[in-house]
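Residue-level structure breakdown
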Amino acid sequence: MKATQNPSAVEVTPAVILRGAALYISRHGWTQGTYYADDTTDGMSVQPNPTPPACAMGAIAIAAFGRRLPEDSFLLPEWVDYKNAEDALLAHLDLLYPPTGDGDFPHPEIGEWNDQPDRTAEQVIATLTAAATEWDNAHDRQAVPA
């Protein structure tokens, strides 16, 4: 997923990051209202869970950075991958929520979309995957498995 993990194997594209995020949620779970579910505890002190359930953007961050969204994320080289994947998901949401013509923003922000009460993990996984496929098709690329 992260470019430094195996740079010769896969070019890091928004589609690769989005598929990685979908895979992450399918393996580790999904959450709403926060990037990551609560940390686990060992009974004595709070220990950060390295693979917590994540919202769509939290999973994109893990796929891009290889870990939870770092505090200094905008200073890291992976920031570009993270933002490009976010933009690709927003472009896909534009198709799902076309403009109404009344001046409303055409789609909810990713967090707002993720946190809708009737949203499911399956819908988030399917949307991340569809956004990846859309990006691949728009850039004349074949899908690369996450």
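Presented here is an overview of the structure given in this document. (Residues numbered from 1 in each chain as written. Predicted model: local features only at pLDDT ≥ 70, side-chain atom pairs only at ≥ 80, totals over all residues. Heavy atoms only, no water.)

1. Observations regarding the pattern of salt bridges
Going through the model one piece at a time under the given rule, you end up with three salt bridges. Put simply, Arg 141 and Glu 11 hold a salt bridge, and the shortest N to O gap is 2.6 Å. Note that Arg 141 is positioned in the segment after α5 (121-138) and Glu 11 in the segment before α1 (14-28), a separation of 130 residues in sequence. On the accessibility criterion, Arg 141 (35% relative accessible area) is partly exposed. As a salt-bridge pair, Lys 83 and Glu 86 come within 2.4 Å of each other at their nearest N and O atoms. On the criterion of helical spacing, the pair formed by Lys 83 and Glu 86 is a turn pair, its members being three residues apart in helix α3 (residues 79-96). (Salt bridge = Lys/Arg side-chain N within 4 Å of Asp/Glu carboxyl O. Helix = DSSP H or I, 4+ residues; strand = E, 2+ residues; numbered from the N terminus. Buried < 20%, exposed > 50% of the residue type's maximum accessible area, 1.4 Å probe, protein only.)

2. Side note on the packing of aromatic side chains
Counted under the stated rule, the structure contains three aromatic pairs. Taking the centre distance of 5.7 Å and the plane angle of 45° together, the rings of Phe 65 and Tyr 82 count as tilted. Pair noted here: Phe 65 is in helix α2 (residues 56-65) and Tyr 82 is in helix α3, with a separation of 17 residues, a long-range link. Each member of the pair Phe 65 and Tyr 82 is classed as buried. Judged by centre distance (5.3 Å) and plane angle (35°), the rings of Trp 79 and Tyr 82 are tilted. With Trp 79 and Tyr 82 both in helix α3 and three residues apart, this pair spans about one turn of that helix. Judged by its relative accessible area of 27%, Trp 79 falls in the partly exposed class. Put simply, the rings of Phe 65, Trp 79 and Tyr 82 touch in pairs and so form one group of aromatic residues. (Phe/Tyr/Trp six-rings, centres within 6.5 Å; stacked < 30°, edge-to-face > 60°.)

Taken by themselves, the reported measurements are silent on function.
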